[in-house]
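# What the coordinates show
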Amino acid sequence: MNNQEFSLSQKYKDYFPIGAAVNRKTITSHQELLLRHFNSITLESEMKFELLHPAENTYTFSTADMIIDIAKKHNMKVRGHTLVWHRQTSEWVFLDRNGELVSREVLLERIEEHINRVMSRYKNDVYSWDVVNEAIAEGTDYLRDSKWLTIIGKDYVEKIFTYAHRADPKAQLFYNDYDVVIPEKRDKIIRLIRELKQKEVPVHGIGLQGHWNIYFPSIDLIKEAFDKYAELGLPLQITELDVSMYEFHDKSKMDKPSPEMYEKQTIFYEKIFALFREYRDIITGVTVWGIADDKTWLDNFPVRDRKNWPLLFDTSHQPKEAFHKIMDF
Ligand code: HAH
């Protein structure tokens, strides 16, 4: 086999960059696979607010710097994840000295300072940012109830994008979310992007997480979502792809998936990558949320300490059947 046939990112070089989420451990333990098959990374948590900015006057950049240095050394792209989210955010940012919620003005000032500091530090290294993550509510509400919304108000998303654009005018700014193909949520995301564009807010793309499973969603539903998002005229990136072996609400555990489950996963990967290739004009990146099945966030979500096998490489770092299928076109 020649090199192109055995490197995923080489094989897809005329389509889109192929990324993987890494963390401070896997950047070393999984480096061989990473360097061979991927040409983009996302830091799984190391650029989230609480890891970069644990206290008002304390920034902790060293782990993120270490990972980004490795990416640079190997000419890999870096996606920044994430500036504003309702989780993994230091509580101090919302509170004053008495433990009361700060005013809108104070929170805006604090987040603008954070964005300036982080984006300017990485402006030569990070080409795209998940500026706001998961701001749309599940269920019937429009925006998710969060401290950002409560303290700043409904215009917080546009404020954040405006600060991000000012901090690094060259960065591609993404809105990122999950459950993006479910029609109710999809349509709310589209509404949000429309509203932002109407107000000429600098939003440059939509990040579709892609935490899917072997039973859901259907390829038709994904395709329908791509078509609807495409009408917005913005690029799409698949930002956090993995294919769980469990249905979302299934809390049971298994020792290992059945051959039929592996088969379903293989077919799912094969079909979605064929679909990604079909939409290459609007898809500008595909990132999987991890590298190999020995280390995945799904081992602890939504059930703690439950093994999962959602990726393209197995627990021994060998390519799975799904890998071979997405290489075969
Ligand atoms: C993602 N959320 C986050 O964007 C990412 O930062 C994290 O490491 C893992 C998954 C997905 C998600 C969630 O947080 C809550 C419910 C459903 C899905």
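A brief look at the structure comes next. (Residues numbered from 1 in each chain as written. Predicted model: local features only at pLDDT ≥ 70, side-chain atom pairs only at ≥ 80, totals over all residues. Heavy atoms only, no water.)

## Description of the overall build of the protein
Stated formally: Note on conventions: DSSP H or I runs of at least 4 residues are helices, E runs of at least 2 residues are strands, and numbering of each starts at the N terminus. Every radius of gyration here is taken over C-alpha atoms, with the globule rule written as 2.2 Å times N^0.38, N being the number of residues. Classification of residues uses two cut-offs on accessible area relative to the type maximum, computed with a 1.4 Å probe and protein chains only: under 20% is buried, over 50% is exposed, and between them is partly exposed. Surface accessibility in these figures is a Shrake-Rupley result with a 1.4 Å probe; residues are shielded only by whichever protein chains are displayed. Charged-residue counts in this description rest on Lys and Arg as positive and Asp and Glu as negative, His and the chain ends being excluded. By convention, charge coordinates are those of NZ in Lys, CZ in Arg, CG in Asp, or CD in Glu.
Scanning the protein from N- to C-terminus turns up twelve helices and nine strands. Relative to the globule expectation of 20 Å for 329 residues, the C-alpha radius of gyration of the protein, 19 Å, shows essentially globular dimensions. Overall size of the protein, expressed as C-alpha extent along the three principal axes, is 60 × 40 × 40 Å. Residue burial in the protein is summarised as follows: out of 329 residues, 55% are buried. Of the roughly 15,000 Å² of accessible surface on the protein, 46% is carried by carbon and sulfur atoms. Looking at the protein, you have 45 positive and 52 negative side-chain charges, and the mean spots of the two groups are 2 Å apart.

## With respect to helix 6 (residues 104-121)
What counts here: The span you would expect from a helix comes to 1.5 Å times its residue count less one. Within this analysis, the arc is defined by the directions that extend from the helix axis to the C-beta atoms. By the convention used here, residues are in contact when the closest approach between their heavy atoms is within 4.5 Å.
Under the 1.5 Å per step criterion, the end-to-end length of helix 6 is 26 Å for 18 residues, consistent within 8% with the ideal 26 Å. Buried within helix 6 we find Leu107, Leu108, Arg110, Ile111, His114, Ile115, Val118 and Met119. Seen end-on, helix 6 carries its buried residues on one side only, within an arc spanning 165°. Its buried side turned inward, helix 6 meets helix 4 (49-52), strand 3 (77-84), strand 4 (128-133), helix 7 (147-152), helix 8 (156-167) and strand 5 (172-177).

## A word on the environment of Thr60
One can find Thr60 in the loop between helix 4 and helix 5 (62-73). For Thr60, a relative accessible area of 33% puts it in the partly exposed group. Considered as a pair, Thr60 and Glu50 are ten residues apart in the sequence and their alpha carbons are 9.4 Å apart.

## Regarding the site of the ligand
Under the convention used in this document: Any residue with a heavy atom positioned within 4 Å of a molecule or strand is treated as near that molecule or strand. Polar contacts here mean pairs of N or O atoms no more than 3.5 Å apart (in protein, one a potential hydrogen donor and the other a potential acceptor; neighbouring residues in sequence count only if both atoms are side-chain atoms). The classification used treats Ala, Val, Leu, Ile, Met, Phe, Trp, Tyr, Cys and Pro as nonpolar, Asp, Glu, Lys and Arg as charged, and all other residues, Gly among them, as polar.
The immediate surroundings of the ligand are formed by 14 residues, with Lys48, His81, Arg87, Glu134 and Glu240 found nearest. In the environment of the ligand, a nitrogen atom lies 2.7 Å from a nitrogen or oxygen atom belonging to the side chain of Glu134. In this structure, an oxygen atom belonging to the ligand sits 3.4 Å away from a side-chain N or O atom of Trp289. Burial of the ligand by the surrounding chains reaches 90%, relative to a free accessible area of 410 Å². For the shell around the ligand, a count of residues per class yields five nonpolar, four polar and five charged.

## Side note on the environment of Arg306
The residue Arg306 is located in the loop between strand 9 (283-288) and helix 12 (321-326) in this model. A relative accessible area of 2% means that Arg306 is categorised as buried. Taking the C-alpha atoms as reference points, Arg306 and Ser252, separated by 54 residues in sequence, lie 8.6 Å from one another. Every residue in contact with Arg306, bar those within four places of it in the chain, is listed here: Tyr246, Asp250, Lys251, Ser252, Lys253, Leu298 and Asp299. Here the side chain of Arg306 touches Ser252 through a polar contact of 2.9 Å, landing on its backbone oxygen.

## Quick notes on the pairing of strand 9
Within a regular beta strand, the side chains point alternately toward one face of the sheet and then the other, so they alternate between its two faces. The criterion, for reference: The pairing criterion is simple: DSSP has to find at least two bridges between the two strands. A clockwise course of the path from the first strand over the helix to the second, judged with the strands pointing away from the viewer, identifies a crossover as right-handed.
Of all six residues making up strand 9, five are buried, and the element is well covered by its neighbours. Across three bridges, strand 1 (residues 18-22) lies against strand 9 in parallel orientation. Its bridge partner lying in strand 9, Ile18 is registered against Val286. Across three bridges, strand 8 (residues 236-244) lies against strand 9 in parallel orientation. Looking across to strand 9, one finds that Leu236 is bridged to Ile283. Each parallel crossover has a hand, and for strand 8 linked through helix 11 (residues 259-278) to strand 9 it is right-handed.

So yeah, pure geometry; function would need other evidence.
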